[in-house]
Amino acid sequence: MNIDAEMKAALVTFTIESLELLQDMEDSLLSLEDGADPTERINSIFRAAHTIKGSSGLFGLDHIVKFTHVVESVLDALREGKIEVSSDLVAVLLPCCDHIALLIRAVVDGDVEENPDMTTAGDALLAELRPFLDGGNSAPVATVAQAQDHLEASGGGEVETGNWHISLRFGEDSLRNGMDPLSFIRYLTTLGSIVNLTTITNRIPAAAEMDPETNYLGFEIDVKSDAGKEALENVFEFVRADSIIHILPLESAIADYIELIRSLPEDDAYLGELLVKSGVLTKRELEDGLSKQKSDSEASQPAQPIGEILVEQQVVQQPLVTAALEKQKQIKDNKARESQSIRVDAERLDKLIDLIGELVISSAGVNLRALQTAQSALLEATGEMMRLVEEVRDSALQLRMVPIGTTFGRFQRVVRDVSKELGKDINLAITGGETEVDKSVVEKIGDPLMHLVRNAMDHGIEPAEVRLQNGKPGQGTLRLNAYHESGTIAIEVSDDGGGLNRERILAKAVEKGMVPADAKLTDQEVYSLIFEPGFSTAAQISNLSGRGVGMDVVKRNVTDLRGSIEVESTLGVGTTMRIRLPLTLAIIDGFLVGVGKSSFVIPLDRVVECVELTDDNGNNDYMDLRGEVLPFIRLRNLFGINDQPPRRANVVVVDVAGAKTGLVVDRLLGEFQTVIKPLGKLFAHAQGLGGSTILGSGEVALILDVPVLVGSFEQKMQRQALSMSA
């Protein structure tokens, strides 16, 4: 199949939307067994599968249509109550979602033809679905589907079933008015063939009471015709006023019309229009129904839904109205979704952020020149410009903020599959999913979280029998939590398992020669050993973990994101891994300080206050801050700056995880919009530096990574304290 250039853009949209629908399907499938009413979620899953199938058909992706059709059939049986929600059914449908995703991703890669290997894998999944489909057909309602087949007559040969049923009750005065009922029936044969005709004679009175000019007959007729309902209705145009005429699709044709309604374009959201477009309702019947609805409304009666009116008037069957209502809801949902958001290419957003970064740097240069001229009018203009630039920057960054709940939600499937693989009963609890963070951070945090989750399930949470022996519930709990804290996002992965064994970790580290046997380490230092490459205390190597590969990758990825990770653990109670990340990786509010001829930027959200360093402090590395001991770091000493120190220094008090630390600097230069530029490999070994930025003067300032800087300082102080006490 060849897809021309004009279709490629539409195909890209199709693949993106289909993958989103599959994610929604997976989320809904995973929640089906939570005990709540699953009706709406089942409908949602069905609509997603139906949309994917229909869209695939538009692009000629027949292999996707073929596979999805079977999945849709099972979902249809589930929706109609022919089969019930069960763990086995969910366990089969989830891999089917995966397979559809593989088929669609193959399209993304340019492979629009059927792949034999994928077809084989798909057939295996369909074989697992078949028992549910067969079970559904065995239900009584399945006789409708069987009626679609041609029936074998007892005398041999096939009997046609027709596609329309016409119920005729001619008026008593038809003959008297010159209207011969049989002539209408004969005319009907010009539009198709009459498959079956039953004459209704129950109105015929006794012979003595019979009037030869009165019509007593009615007819039930099955017609096989390609004509639409309106054409059939027009046959009886001249007798419609005093006759009762119902034209309905035969039961065997209802499924076809339902399929037709579902495949209608999403142009109109009115129920009647959908039914008219599908051909099961004529405009006259719709107008009659609307007239009744209007008259009821004018009579101060509650307005009856038009669907109920049409069914009561026997002009359309309930399943067709139900299908039209579902189509109507689907159209409304899609339109609501379209009106709430627009899809923008991520590359365009990245380009916008880059340009705004350059705008921030340029505006800082303009502001600096304005300060040098000391012209009040120019200063006022640049001040307004800086304010607007800041608003534009915040608005642009907000465009990239997405809730982390989407990332968390994907772990429902991971926990389900890994639990099954491990033979453990583990529940995933998610909180803080609405917490927003930059899209680039969300994209990069997925892999580290995956490692932490799988490791917690494999090594953290004990088997059910062990948990019961320890007085715990048999079902383990894994928690994912996120929240904002001091301008950062904190992400926690917690388990109620056995906790980290400090002595065992330390012994393993000594055995591997990572630390001296007589080393005095804090709990945090011991726990941080699990992030060293090749370190593992697992007695057995599994498919999930145990080779010591993964946790070091977690730390490296988190560090690359300018984040930090800390561990809290209590033996026998559980472990919490807490990752702290910046909200954005592009532009931050900074506080500019100077040390000698060098300039540094401290992230503003870390700054608590600034105080003067008094002369009576001597050479101590701490000071009295209103009765509180404040340790501080002299940046001049830390970075080896040998310029002449000022007569009086300042201390910038920063907050890291609730603890205050001081940074001693020469000058306080004020707030500064900071565009983060990456550091080169030359600075890879330098701890405590998170990047660089360009000042308005064109000079470069280094951005301090405060948590790493303070953490390194604390470890240094603790080692000194331990060595002195030894």
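Parameters at a glance
Residues numbered from 1 in each chain as written. Predicted model: local features only at pLDDT ≥ 70, side-chain atom pairs only at ≥ 80, totals over all residues. Heavy atoms only, no water. Helix = DSSP H or I, 4+ residues; strand = E, 2+ residues; numbered from the N terminus. Contact = heavy atoms within 4.5 Å. pLDDT = per-residue confidence, 0-100. Pairing = 2+ DSSP bridges. Axes fitted to C-alpha atoms, helices over the stretch in contact; angles between N-to-C directions. Expected span 1.5 Å × (residues − 1). Buried < 20%, exposed > 50% of the residue type's maximum accessible area, 1.4 Å probe, protein only. Salt bridge = Lys/Arg side-chain N within 4 Å of Asp/Glu carboxyl O. Parallel < 35°, antiparallel > 145°, perpendicular 65-115°, else oblique. Left-handed = near helix turned anticlockwise from the far one by under 90°. Nonpolar A, V, L, I, M, F, W, Y, C, P; charged D, E, K, R; others polar.

What follows covers unusual backbone geometry. A positive phi is found at glutamine 314, a non-glycine position, where the angle reads about 60°. Relative to the helices and strands, glutamine 314 is located in the loop between helix 12 (306-312) and helix 13 (318-340). Phi at arginine 626 takes a positive value of approximately 50°, unusual for a residue other than glycine. Among the structural elements, arginine 626 can be located in the loop between strand 17 (622-625) and strand 18 (628-634).

So, on to the side chain of threonine 382. Secondary-structure assignment places threonine 382 in helix 15 (residues 376-399). Among all residues touching threonine 382, those that are not within four sequence positions of it are Val366, Asn367 and Ala370.

Turning next to the confidence of the model for the protein. Across the protein, pLDDT averages 81, with 89% of residues at or above 70. Taken as a whole, residues 138-159 scores under 50 in pLDDT and shows 22 contacts with residues more than four places along the chain or in a different chain.

In space, the five strands of this open sheet follow the order 21-14-15-23-22, with mixed pairing throughout. Looking at strand neighbours, the two that pair on one side only are strand 21 (667-675) and strand 22 (689-694), the edges of this open sheet. Geometrically, the sheet is characterised by an average inter-axis angle of 35° between neighbouring strands, direction not taken into account. Sheet topology note: the strand 14 (residues 587-595)/strand 15 (residues 598-603) ladder contains six bridges and is antiparallel. Paired with leucine 592 across the strands is valine 601, a residue of strand 15. Here helix 15 sits on the sheet in contact with strand 14 and strand 21, set at roughly 130° to strand 14.

Across its 24 residues, helix 15 extends 35 Å between first and last C-alpha, which sits within 8% of the 34 Å expected from 1.5 Å per residue. By the burial criterion, the buried members of helix 15 are Thr382, Met386, Val389, Arg393, Ala396 and Leu397. The elements touched by buried residues of helix 15 are helix 14 (346-373), strand 7 (401-403), strand 14 and strand 21.

Here we come to the pattern of salt bridges. Per the stated rule, a full pass over the model turns up 35 salt bridges. We note a salt bridge from aspartate 350 to arginine 400, for which the minimum N-O separation is 2.4 Å. Residue aspartate 350 is found in helix 14, and its partner arginine 400 is found in the loop between helix 15 and strand 7; the two are separated by 50 residues along the sequence. Residue classification places aspartate 350 among the partly exposed residues on the basis of a relative accessible area of 34%. One salt bridge in this structure joins glutamate 511 and lysine 508, with 3.9 Å as the shortest N-O distance. You can see glutamate 511 and its partner lysine 508 sitting in helix 20 (residues 502-511), three residues apart, about one turn around the helix. We classify glutamate 511 as exposed; its relative accessible area is 61%. Salt bridges sharing common partners tie together Glu492, Glu566, Glu568, Arg578 and Arg580.

Turning our eyes to something else, we now look at the packing of helix 14 against helix 15. At their nearest, the axes of helix 14 and helix 15 sit 10 Å apart, and the two run at 160° to each other. Judged on the interaxial angle alone, helix 15 and helix 14 are roughly antiparallel. In this structure, helix 14 crosses over helix 15, and the sense of that crossing is left-handed. A breakdown of the residues in the contact of helix 14 with helix 15 according to their chemical character gives 19 nonpolar, four polar and one charged.

Close contact between helix 18 (residues 439-460) and helix 22 (residues 551-560) brings their axes to 9 Å; oriented N to C, the two are set at 150°. Crossing angle aside, the handedness with which helix 18 passes helix 22 is left-handed. For the pair formed by helix 18 and helix 22, the contact residues are Asp447, Pro448, His451, Leu452 and Asn455 on the first element and Met551, Val554, Asn557 and Val558 on the second.

So, on to the environment of valine 553. As for its placement among the helices and strands, valine 553 is situated in helix 22. Given a relative accessible area of 21%, valine 553 falls into the partly exposed group. As for valine 553 and proline 448, which are separated by 105 residues in sequence, their C-alpha atoms are 7.3 Å apart.

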